[in-house]
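Chain and residue survey
As a plain string of letters, each chain reads:
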Amino acid sequence: MADDYREKEIAGIVASLMESYERHSGDNGLFPHFLPNRDIIVEVIESLRKILFPGYFEKDGLDETYITYSMASLVIDVSEKLQLQICRALNYETAHGEDCFDHQSAAHGLTIDFLRKLPDIRESLLADVDATLEGDPAARDKHEIIFAYPGIFAITVYRLAHELFLLQVPLIPRMMTEYAHSLTGIDIHPGAAIGHSFFIDHGTGIVFGETTEIGDNVKIYQGVTLGAISTRGGQSLRGIKRHPTLEDEVTVYASTTILGGDTVVGRGSVIGANAFITQSVPRDTRVSMRMPELELRPRR
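Report follows, based on the coordinates.

Attention now moves to the overall build of the chain. Scanning the chain from N- to C-terminus turns up eight helices and 14 strands. In terms of principal-axis extent, the alpha carbons of the chain reach across some 70 × 65 × 45 Å. Restricting to contacts in the chain with at least 6 residues of sequence separation, those with at least 24 account for 47%. Carbon and sulfur atoms make up 51% of the accessible area of the chain, which totals about 17,500 Å². Across the chain, the mean location of the 28 positive side-chain charges is 8 Å away from that of the 43 negative side-chain charges.

Written as structure tokens, this is what we have:
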């Protein structure tokens, strides 16, 4: 009797779900077909980290005698997995069909173009590691930074995703940076443009919008938002510069908010903690908030 009751309840729940699926289905059926697979994208990220930082993330270490073979094997694996995921993304964006045969050639070309960027991405990341070591007195060495620092992980994923974004690969770049966001609390849109020797300290709560521009040798602390003044315009704002520009050698301390596409923080400026900025800051300027007045009184 109890089993019959449970089956009826479950049947009713499933029927309600099916009704919801039907009610909100698009022009191409109930469900999207052949979207990129999130788990495969994560596998690609982890393989790319092994390529960019050999010897750090292998389960059994890395034998230098066979490093060329090991790297070739990893690159082939990434190439095959990424090409299929790009193919699916292209197919869904352009045709919403059920296979990606029409996009295999384009996906292959985009994959090769991306893989050719890996040496340059590695050089940028090594400069980011150097900047982190120089900027953080708590860092013992570069190994600790590569292994353990969430800022370097987020920057690594961002730099990979940004190259795919520049190649106009749909969906996948955002999937990558949102994966890093979920692990680190650092939200960097893959469209943001970030220069060399970038240092994120702590990182939790950082948000960089799509049209953010950051120069070289910039330092950012936790809780910093580089955002838009208003997003009420919705899709009408697409393609418009909405987020700030930080020129070279700028430092932004914790819990600061800088908003607006016309807002430029000039070279060498230092923005103190808890600032709220919606206008440009001249170069070599120090911005700070007045110290709030504290009131101390005995407990009763």
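So much for the structure itself; the text now carries on.
In space, the five strands of this open sheet follow the order S3-S6-S9-S12-S14, with parallel pairing throughout. Looking along the sheet, the strands with just one partner apiece sit at the ends: strand S3 (199-201) and strand S14 (286-287). Strand direction decides the pairing type here: strand S12 (residues 270-271) and S14, joined by two bridges, are parallel. Directly across from isoleucine 271, in S14, lies its bridge partner valine 287.

Before going further, it helps to examine the sheet that holds strand S7 (residues 225-227). The strand order across the open sheet built from five strands is S1-S4-S7-S10-S13, with neighbouring strands paired in parallel fashion. In this open sheet, the two edge strands, each paired with only one partner strand, are strand S1 (187-188) and strand S13 (276-277). Here two bridges tie strand S4 (residues 207-208) to S7, and the two strands are oriented parallel to one another. Opposite phenylalanine 208, over in S7, you have leucine 226 as the bridge partner.

What follows deals with a nonpolar patch on the surface. Judged by side-chain polarity, Ile10, Ile13, Val14, Leu17, Met18 and Tyr21 come together as a nonpolar surface patch covering roughly 510 Å² of accessible area. Under the relative-accessibility criterion, methionine 18 is labelled partly exposed at 35%.

To continue, consider the packing of aromatic side chains. Following the criterion strictly, the structure yields eight aromatic pairs and no others. Measuring from ring centre to ring centre gives 6.3 Å for phenylalanine 199 and tyrosine 221, while their planes differ by 70°; the resulting arrangement is edge-to-face. On the criterion of sequence distance, the pair formed by phenylalanine 199 in strand S3 and tyrosine 221 in strand S6 (residues 219-221) is long-range, its members being 22 residues apart. As far as burial versus exposure is concerned, phenylalanine 199 and tyrosine 221 are alike and both buried. What links up through ring pairs into an aromatic cluster is the set Phe53, Tyr56, Phe57 and Phe147.

With the rule as written, the count across this model stands at 13 salt bridges. The closest approach of N and O atoms between aspartate 113 and arginine 116, which form a salt bridge, is 3.6 Å. Highlighted residues: aspartate 113 and arginine 116, both in helix H4 (residues 104-116), separated by three residues, approximately one helical turn. Judged by its relative accessible area of 34%, aspartate 113 is partly exposed. Arginine 116 gets classed as exposed once you look at its relative accessible area, which sits at 62%. Here the salt bridges do not stand alone but share partners, grouping Glu43, Asp77 and Lys81 into one network.

Okay, helix H2 (residues 38-52) next. Here H2 contains 15 residues, and its C-alpha end-to-end distance of 21 Å stays within 8% of the 21 Å for a straight helix at 1.5 Å per residue. Among the residues making up H2, those that are buried are Ile41, Val42, Val44, Ile45, Ser47, Leu48, Arg49, Ile51 and Leu52. Buried residues belonging to H2 abut helix H3 (67-94), H4, helix H5 (118-135), helix H6 (142-148), helix H7 (150-166) and helix H8 (172-184).

Along the chain, the position of glutamine 279 falls in the loop between S13 and S14. Owing to a relative accessible area of 61%, glutamine 279 belongs among the exposed residues under this scheme. For glutamine 279 and isoleucine 145, which are 134 residues apart along the polypeptide, the C-alpha to C-alpha distance reads 34 Å.

On to unusual backbone geometry. Even without being glycine, glutamate 249 reaches a positive phi, approximately 60°. Position of glutamate 249 relative to the elements: it lies in the loop between strand S8 (245-246) and strand S9 (251-252). Of note, serine 255 is a non-glycine position whose phi angle comes to about 60°, a positive value. Secondary-structure assignment places serine 255 in the loop between S9 and strand S10 (257-259).

Before going further, it helps to spend a moment on the packing of H2 against H7. Taken N-terminus to C-terminus, the directions of H2 and H7 make an angle of 100°; their axes are 11 Å apart at the nearest point. One element, H2, and the other, H7, form an angle in the roughly perpendicular class. Counting all contacts with H2, which are made through Ile45, Glu46, Leu48, Arg49 and Leu52, the residues of H7 involved are Phe153, Thr156, Val157 and Leu160. Of the residues contributing to the contact of H2 with H7, the split by class is six nonpolar, one polar and two charged.

Calculation rules
Residues numbered from 1 in each chain as written. Predicted model: local features only at pLDDT ≥ 70, side-chain atom pairs only at ≥ 80, totals over all residues. Heavy atoms only, no water. Helix = DSSP H or I, 4+ residues; strand = E, 2+ residues; numbered from the N terminus. Contact = heavy atoms within 4.5 Å. Areas by Shrake-Rupley, 256 points an atom, 1.4 Å probe, with all protein chains shown as cover. Lys, Arg positive; Asp, Glu negative; His and termini not counted. Charge placed at Lys NZ, Arg CZ, Asp CG, Glu CD. Pairing = 2+ DSSP bridges. Patch = residues over 30% accessible without salt bridge, like charges linked within 9 Å, V, L, I, M, F, W, Y side chains within 5 Å. Salt bridge = Lys/Arg side-chain N within 4 Å of Asp/Glu carboxyl O. Buried < 20%, exposed > 50% of the residue type's maximum accessible area, 1.4 Å probe, protein only. Phe/Tyr/Trp six-rings, centres within 6.5 Å; stacked < 30°, edge-to-face > 60°. Expected span 1.5 Å × (residues − 1). Axes fitted to C-alpha atoms, helices over the stretch in contact; angles between N-to-C directions. Parallel < 35°, antiparallel > 145°, perpendicular 65-115°, else oblique. Nonpolar A, V, L, I, M, F, W, Y, C, P; charged D, E, K, R; others polar.

These figures capture arrangement, not role.
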